[in-house]
Number of protein chains: 2
Amino acid sequence: MALIVHKYGGTSLADLDRINAVADRVKAAFDAGDEIAVVVSAMAGTTDQLVSWVRAAAPLHDAREYDTVAAAGEQITAGLLALALQHRGVTARSWLGWQIPIHTDGGHGRARIEGIETDELLRRIGRREVPVVAGFQGLGPLGRITTLGRGGTDTSAVALAAALGADRCDIFTDVEGVFTADPRVVAAARKLTKITYEEMLELASLGAKVLQIRAVEMAMKHQVPLQVASSFADTPGTFVVDEDDIVEQERVSGIAYSRDEAKITVMGVADRPGVAASIFGPLADGNVNVDMIVQNISADGTTDLTFTVTEADLDRSIAILEETRSAVAYDRLVADQGVVKVSVIGVGMRSHAGVAQTMFAALAEKGINIQVISTSEIKISVLVSEDYTELAVRSLHAAYGLDDHEP
Amino acid sequence: MALIVHKYGGTSLADLDRINAVADRVKAAFDAGDEIAVVVSAMAGTTDQLVSWVRAAAPLHDAREYDTVAAAGEQITAGLLALALQHRGVTARSWLGWQIPIHTDGGHGRARIEGIETDELLRRIGRREVPVVAGFQGLGPLGRITTLGRGGTDTSAVALAAALGADRCDIFTDVEGVFTADPRVVAAARKLTKITYEEMLELASLGAKVLQIRAVEMAMKHQVPLQVASSFADTPGTFVVDEDDIVEQERVSGIAYSRDEAKITVMGVADRPGVAASIFGPLADGNVNVDMIVQNISADGTTDLTFTVTEADLDRSIAILEETRSAVAYDRLVADQGVVKVSVIGVGMRSHAGVAQTMFAALAEKGINIQVISTSEIKISVLVSEDYTELAVRSLHAAYGLDDHEP
């Protein structure tokens, strides 16, 4: 008998039929003998509706009231799923963040969980009761409802699993697991059986929406095994586990890409100490997240700095750089949105040589020019023209032997 | 400077435009110098939607989960109105039932308020802050959300006004006040300037949806002056006050009617002690609310009993009476849904003679046959064929001098 936390996202709870299907799934796991706690998102679309009302009521809104309004969505689904379980003969009750409580800091709209009181939940789970916990929400230090930020229900689920000492946290969503590449781009993409926390973190950072970054960090920190699986299928998903739990590690686990990139080149800046800080300092102050950075070889005392930001931050970045022009002399700015970041990810590259070389060779063979390169311990990313997105991803998928050759 | 509790119903908060209009109204009262606390319903339609989901999830639903789901509607409007007030420069915050707390008993779905902690609210009101309180909800003895039953936001508002020691509770709704008769039936109906709690109670019992019965009872008990007014107009509404506050009392304040009546006649029952109890006992056990009752003069040891129930209870009443036929011998049952109850109401009838006679004469003059009569201290009701509804109401309105003769 294991204690499993199930998390269901908004698509899985979008209407009464789907809530009933989720109740069937929870009951099946419960009847099989496991102890189950469930964490739910709001119905798909509900949070967007609530947030749009908040914005309409007050463009510069009080985050405490935002949280009060936004948390209503999960309150509704928690009650409805508890009812659907009761209707199937499963003893269940809903738990709101303030009732457990799930203590958070006072960072309204992006609160962090500080502790979860589990005594009563564990007592009830031990009596074969299923708690249905409203995700995304907690109780702040001054007795007000807090929310954890978009996608926060993943974090709620992992934090609850950690606090309960659960054996696993199953994240049920609308995809069947984590794939070696986006199946819409690479027909030969395979669902991974296992992936490490570190790889999952890199994937989440690259925009894979399958899991929230904070949830993966928390799972890694507390060593909570995760499973990402479809709530619409009965097949096993992808298990996100510690590196030690993967016996034979592939060099590369997957290929990711992100179109949400914009490249900025600051041309003709003085090549002297402190110039990078004087450019990136104001950007950081402006909450711009700078990703890849390269600096060209200096020529005649000036150099070019190239870096990437998200497309949403591009205009603001340009504005900030133009404001700081008096402090940082440069010739001109060149911006380019026609780029894509393609990454190969795998903890195996720590122990396998030649991973980068395989990448460069595969791209060169297709005539794809690499504009920027950045590497981390388990990831190599290149920036290329977005015209080559699909070609680059497919070529790399094949080059690393990831193509599915089963029928 | 007065402390006024404003209550806004779902029609007044149906969308963002209306919520903004309510915020304008609250701000105007606040800027005029009054201290204001606001109690809000859910957006029109929200509670119906939530309740329909609850019923779909579990036909025999756990009232505790019903309350958790249903209370979300007022949570949303409380947050949105607080935001809209803040946007207008008014310091405001939302308060949920569990945050104040509004303590209730454990009667989920129909809980009764037992106490409201007002220290913090009063402290903030004294600092010129406007509390926006989610109506309809409270905190039960075991830490779960309770709701007060449909229309419970009126009760929340009056209870809050009583607990705060407010000078008045203004119920803003979609009608301009309490009228001498339904304006859709009687073109000459007038809006009453004042009405007593007792009269308002009788009107609410007769199905006037303008105020919840429990709210009126509570206002009467705690002597909270009420005003019923339109949230869409700037004219004064109807003040609901103590009898002593009305200097010159009309004999009759208004004419009401209810089509939701069904007449049952039990024919040929033995005319002996205990027979009424043996008929009405099982009906009471079956939760049937019996209203008007008459017993004919006995002939040859048997008699006929006639009484009225709501139309919704008719089929169940017949079924109960047929089940008890072995215990209560009778010849046959006759049911009639084609009836209407017409009532004249006025605390003035206590001190004025001839009120009933005026009624009977007015109906007789129009050839309207009275089937059943019942009276209370401040009300006379008659059951007539529903074909005569409008004629009866208009005739009585004129007979008691209620017609509006102003241009």
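Here the structure is a predicted model, which is why all the values come from computation and not from measurement.

Description of the overall build of chain A
Thinking step 1. When you go through chain A residue by residue, the secondary structure sums to 12 helices and 20 strands.
Thinking step 2. The C-alpha radius of gyration of chain A comes to 24 Å, within 12% of the 22 Å expected for a compact globule of 407 residues.
Thinking step 3. Counting the 407 residues in chain A, one finds 56% classified as buried.
Thinking step 4. Look at the contacts in chain A between residues 6 or more apart in sequence, and 75% of them connect residues 24 or more apart.
Thinking step 5. For chain A, the computed accessible surface area is about 16800 Å², with 48% contributed by carbon and sulfur atoms.
Thinking step 6. In chain A, the 36 positive side-chain charges and the 56 negative ones have mean positions that sit 4 Å from each other.

Let's talk about the packing of aromatic side chains
Thinking step 1. One pass over the structure, following the stated rule, counts five aromatic pairs over all chains.
Thinking step 2. Ring centres of Phe280 of chain A and Phe307 of chain A lie 5.1 Å apart, and the angle between their planes is 80 degrees; on these two criteria the pair is classed as edge-to-face. In this pair, Phe280 of chain A sits in helix H9 (residues 275-285) while Phe307 of chain A sits in strand S16 (residues 302-309), placing the two residues 27 residues apart along the sequence. The residues Phe280 of chain A and Phe307 of chain A share a single accessibility class, namely buried.
Thinking step 3. When the centroid spacing of 4.9 Å and the interplanar angle of 10 degrees are considered together, the rings of Tyr8 of chain B and Phe172 of chain B count as stacked. Of this pair, Tyr8 of chain B sits in strand S1 (residues 3-8) while Phe172 of chain B is found in strand S9 (residues 168-173), placing the two residues 164 residues apart along the sequence.

Re the environment of Ile264 of chain B
Residue and element names in this part refer to chain B.
Thinking step 1. Looking at the element boundaries, Ile264 is found in strand S13 (residues 254-270).
Thinking step 2. Classification of Ile264 as buried rests on a relative accessible area of 0%.
Thinking step 3. A C-alpha to C-alpha distance of 8.2 Å links Ile264 and Leu314, two positions 50 residues apart in sequence.
Thinking step 4. Not counting the four nearest positions on each side in its chain, Ile264 is found in contact with Leu305, Thr306, Phe307, Val309, Leu314, Ser317, Ile318, Leu321, Val334 and Ala335.

Some details on the pairing of strand S12 (residues 238-241) of chain B
Residues and elements named next belong to chain B.
Thinking step 1. When strand S10 (residues 194-196) meets S12, the two strands line up parallel, connected through three bridges. Counterpart to Ile195 in the pairing with S12 is Val240.
Thinking step 2. Here strand S11 (residues 226-230) pairs with S12 via three bridges, running antiparallel. Considered in S12, the bridge of Leu226 is made with Val240.

Examining the interface of chain A and chain B
Thinking step 1. At the junction of the two partners, chain A supplies 36 residues and chain B supplies 36 residues.
Thinking step 2. Surface buried jointly by chain A and chain B totals about 3000 Å² across both partners, of which 68% is contributed by carbon and sulfur atoms.
Thinking step 3. By the criterion of area lost to chain B, the three top residues of chain A are Gln75, Leu83 and Trp98 of chain A, representing 19% of everything that side buries.
Thinking step 4. Remark: the boundary between chain A and chain B carries 10 residue pairs in polar contact (both at pLDDT 80 or more).

Basis of the calculations
- Residues numbered from 1 in each chain as written.
- Chains lettered and ligands numbered in written order.
- Predicted model: local features only at pLDDT ≥ 70, side-chain atom pairs only at ≥ 80, totals over all residues.
- Heavy atoms only, no water.
- Helix = DSSP H or I, 4+ residues; strand = E, 2+ residues; numbered from the N terminus.
- Rg over C-alpha atoms; globule rule 2.2 N^0.38 Å.
- Buried < 20%, exposed > 50% of the residue type's maximum accessible area, 1.4 Å probe, protein only.
- Contact = heavy atoms within 4.5 Å.
- Areas by Shrake-Rupley, 256 points an atom, 1.4 Å probe, with all protein chains shown as cover.
- Lys, Arg positive; Asp, Glu negative; His and termini not counted.
- Charge placed at Lys NZ, Arg CZ, Asp CG, Glu CD.
- Phe/Tyr/Trp six-rings, centres within 6.5 Å; stacked < 30°, edge-to-face > 60°.
- Pairing = 2+ DSSP bridges.
- Buried area = accessible area lost by both parts, 1.4 Å probe.
- Polar contact = N/O pair within 3.5 Å; in protein donor to acceptor, adjacent residues only side chain to side chain.

So, to be careful, I would describe these as geometric facts and stop short of saying anything about function.
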